[in-house]
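# A structural walkthrough
Each chain is listed here by its residues.
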Amino acid sequence: MKLFRSLSLKEVLNLLKLIENEVTKILLKKKLLLISGILLVLISLFAYGENYKYNNTVDRFTKSNSQTQSYDWQGLVKQQISDLKDRLNRSDNTNFNKNSSKSSTGIEIERLQYYLDNNINPITPNAAKFTINFMNQSIFLFLPLLVIILSGDIVSGEFSSKTIKLLLTRAVPRWKILLSKYIAIIIMTTLMIVETAVICIMVSTIIFHTGGWFEPVATGFKVVSEKLDASNVIKIYQWQNAILIYSLGWISMIAVASISFMVSVLVRSTATSIGVMMASLITGSFLQFFLSDWPLVKYYFAINLNLSKYLKGSYEIIPGMSFNFSIIVLCVWICLSLIVSFRVFTTQDVLV
Amino acid sequence: MYKKIIWNVVLGISIISAIVFSASIIISAKITNGSNIENQETKPENNEPKESKSILSENSDSYNILVLGDSLAKGTGDETGLGFGKNIANSLGAKTNKKIEVNNIAVNGDVSAGLLTIIHEEESLKAIEVSNLIFISIGGNEAKAFQSNKNLSSSTDVKTAQNNYLNNLKEIINVVTSKNKNCRVVAIGLYNPFGEEIKQDNLEILHDWNYKTEQLLSPYSNIVFVPTYDLFKYNLDKYLAQDNFHPNSEGYKAIANRILEVLKY
C-alpha cells in the first residue's frame, strides 16, 4: 500500500502545504465564522435562560415561605450534610449500607461542605456547571450538526463547483489530496470544540459571575447489571471534569467528521451529503427510543456519541453498552469510513 | 503573511488540544474502568473523626429528648430545620428552667427494620437510657409503598408488610422499655399527604395501619400514640412542604403543638 509507506521529511512538508491549502479554503468559506456566530447566539440564549430560571426559582422560594424572610439554603445544606454523615457512621457499624457507596457519600459531603465554606447556594448556576452541561446536551445532536456544516462538502464541494479537475491534475497522488482534506477537517473539528469551550466559559462567566471550577465532583460511577456501582468513584475538580467531558466530545465529533467525510466522497452533491448525514444523525435518536430492544442498534454510531454520560454513571439505554464498547464502536466506524473513502476516491473515475 | 500567521495559530491550537484531549480520553477510560491508581491519594478522606454524638448528660437538671425514626422525625421539609423535636424542646424550654437537649438520630427514608438495627447500636442504647422523652415516627415509608403502586396491591401483601412492621415495632418498644422504664414514649401516627387523590382502598390501609399501631401500643402505660391524620386532613395546602409529601415548618409546629397538648406539662 502506498499509503503506509514511510514518509520522508520532504513529503511531510509537502503534505503540510496541502493541509494548509485545505484549511485556508475552509477558512475562506467563512464557515468557521458562521459556526462561531451560531454558537455565540445559542450559548448566550441558554445562559440567559438558565439565569432566568434560577432567579425564578429563588423568587418562588422566597414568596412561598413569606414567614421566613430570606430563604435559608444553608440550613438545608447543613441538614443534608448531617444526614449523610449519619449514614456514613451507621455504615461503619452495621453492614446495612454497602461499602461501595461510602466513598461517593464522602465526596457528596465534601461537595456540600464546599458550598457552605464558599457561601455558594448549590442551585446557583456557575460557569463550570454551564460549560459541562452544554457539552452534555449538545454532544449528540447540536455539535454533530455543526461538524456536518464544516465537513459535509469537503470533497463533494469540489465536484459541485467543478474544481475537482484542477485539484486532480496537480502532480500530487490522489490519496495525498484526500489525506490532506481529512486532516484539515480534523483540525477544524478540534478548533470547533476549543471554540465551544471558550465561548461557553466567556459567556457564562459574564452572565453568572461565578466560576466554580474548583468545586469537587464525584465521577467514575459504573452501571453494572442495572445497579449503580460506586466502588471506583474518585474525586476530581470541576475543571478536570470539564476537560474530560470535552475530550469525549472531541472523539465523538471526530467520528461524525469521519463519517461525514466518507459520505462526502461517496456523493457528488453537497446538499445530498449534508442531507444524508443529518438524516442518519436524527435516525440515531429515533432508534434509541423505538428500537432499544433490538441488539443491533447499539452498533450504530449515532447512539454511541453520548460518551459523557458514562462518566456521570447515568443509566444505560441499551444493555451491554459501556464506555469501552462505545469508544471501540466509534473507532471502528472511523476506520471503516477512512478505508471506504480512500478506496473509492483513489479508484473512481472522475468525469467532469 | 497574515494568512501564514493564522495557519500557524490554527495548527498550534489544534495540535496542543489534540494532545490534551487524547490524554484525557485515556484518563477517562481509566476512570470508567476503575483503575484509578494515580488518583489513589485523592480518594475521599471521609474517615474524618466520627462525630461523637453528644451523649447526653445524665444529671437530673437536664431534660433529654430522643427522636427516632424516619424523615418525619428528622424534620425533612422544614425550612427552619427544627422538625417537631426541636419545636417541642423550644416550647418546653420556655416553661422550665431545665436544660433541654435534643438528640435526633432519625434517618431519612428509614423503615421499621432499619430502626430496629439502629436502636441495637451501642450509642443508641446509651441515648435511650438517659432520655426522658422519646419520639418515634416509623412506618410511613412502608405504608407509602402501597400508595405509589398503580395497580391495587393484593391484600396479602399488605398484611405481610403490616405484620412485619408490627413485629419490628413491638421489638423496638421492648428494647426501649427494657432500657429505660421511666421515660415517656410518644409514637407519631401517619397522615395522608395525597389529599383527595388517594384511592379509597389505600386510605383504608392507612387507617388500619394507624389503628393496629395504636392497638399494639395501648397496653403500655408510658407510651402514647398521637394521631396526625386529622391535623392534616383539611390543612394539606398549609402544612405540606414543596415536595408535597413532608410537612413544612407550619406542619411540624402543628404536630409539636398536638404532642404538647397530649403531654400537658
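In this report, we go over the structure that sits alongside the text. (Residues numbered from 1 in each chain as written. Chains lettered and ligands numbered in written order. Predicted model: local features only at pLDDT ≥ 70, side-chain atom pairs only at ≥ 80, totals over all residues. Heavy atoms only, no water.)

### Concerning the overall build of chain A
Formally: Note on conventions: DSSP H or I runs of at least 4 residues are helices, E runs of at least 2 residues are strands, and numbering of each starts at the N terminus. Each residue's exposure class comes from its accessible area (1.4 Å probe, protein chains only) as a fraction of the maximum for that residue type: buried when under 20%, exposed when over 50%, partly exposed otherwise. Contacts: residue pairs with any heavy atoms within 4.5 Å of one another. Here the accessible surface of atoms and residues is derived via Shrake-Rupley with a 1.4 Å probe, and residues count as covered only by protein chains that are part of the display.
When helices and strands are counted, chain A shows 13 helices and 4 strands. A total of 352 residues make up chain A; the buried ones form 51% of that total. Long-range pairs, those at least 24 residues apart, make up 77% of the contacts in chain A between residues at least 6 apart in sequence. When the accessible surface of chain A is totalled, it reaches about 16,700 Å², and 65% of it is carbon and sulfur.

### Here's the deal with the pattern of salt bridges
Should the charged atoms of two oppositely charged side chains come close, the side chains can pair. As a reminder, the rule being used: Here, a salt bridge means any side-chain nitrogen of Lys or Arg that lies within 4 Å of a carboxyl oxygen of Asp or Glu.
By the definition in use, this model includes 12 salt bridges over all chains. A salt bridge links Lys4 of chain B to Glu20 of chain A; the nearest nitrogen and oxygen atoms lie 3.3 Å apart. Highlighted residues: Lys4 of chain B in helix H1 (residues 2-33) and Glu20 of chain A in helix H1 (residues 9-28), drawn from two different chains. The class for Lys4 of chain B is partly exposed, based on a relative accessible area of 34%. Assessed through its relative accessible area of 14%, Glu20 of chain A is described here as buried. The closest approach of N and O atoms between Lys181 of chain A and Glu22 of chain A, which form a salt bridge, is 3.1 Å. A residue pair is termed long-range when its members are at least 10 positions apart, and Lys181 of chain A in helix H9 (residues 174-208) and Glu22 of chain A in helix H1 qualify at 159 residues. There is no split in this pair, since Lys181 of chain A and Glu22 of chain A are both buried.

### Points about the side chain of Glu215 of chain A
Residue and element names in this part refer to chain A. Cut-off, in case you're wondering: N or O atoms within 3.5 Å of each other form a polar contact, as long as, within protein, one can give a hydrogen and the other can take it, and as long as residues adjacent in sequence are counted only when both atoms are side-chain atoms.
Turning to its location among the elements, Glu215 is positioned in the loop between H9 and strand E1 (216-219). Within the local environment of Glu215, its side chain forms a polar contact with the side chain of Asn126, the two groups lying 3.4 Å apart. When sequence neighbours within four positions are dropped, the list of residues in contact with Glu215 reads Tyr114, Tyr115, Asn126, Lys129, Ile236, Tyr237 and Gln238.

### With respect to the packing of helix H5 (residues 127-138) of chain A against H9 of chain A
Residues and elements named next belong to chain A. Heads up, the rule is: Every angle, taken between N-to-C directions, lies between 0 and 180 degrees, and every axis is a line fitted to C-alpha atoms, over only the stretch in contact when it is a helix. When an angle is under 35 degrees it counts as roughly parallel; over 145 it counts as roughly antiparallel; between 65 and 115 it counts as roughly perpendicular; any other value is oblique. When the near helix sits turned anticlockwise from the far one by under a right angle, the crossing is termed left-handed; a clockwise turn instead gives a right-handed crossing. As a working rule, the residues Ala, Val, Leu, Ile, Met, Phe, Trp, Tyr, Cys and Pro are called nonpolar, Asp, Glu, Lys and Arg charged, and the rest polar, with Gly in that last group.
Relative to each other, H5 and H9 sit at 140 degrees, their axes nearing to 8 Å. Relative to H9, H5 is oriented oblique. Every pair of crossing elements has a handedness; the one defined by H5 and H9 is right-handed. Facing Ala127, Phe130, Thr131, Phe134 and Met135 of H5, the residues of H9 in contact are Ile193, Thr196, Cys200, Ile201, Ser204, Thr205 and Phe208. Grouping the constituent residues of the contact of H5 with H9 by class yields 8 nonpolar, 4 polar and no charged.

The values are spatial; any link to function lies outside them.
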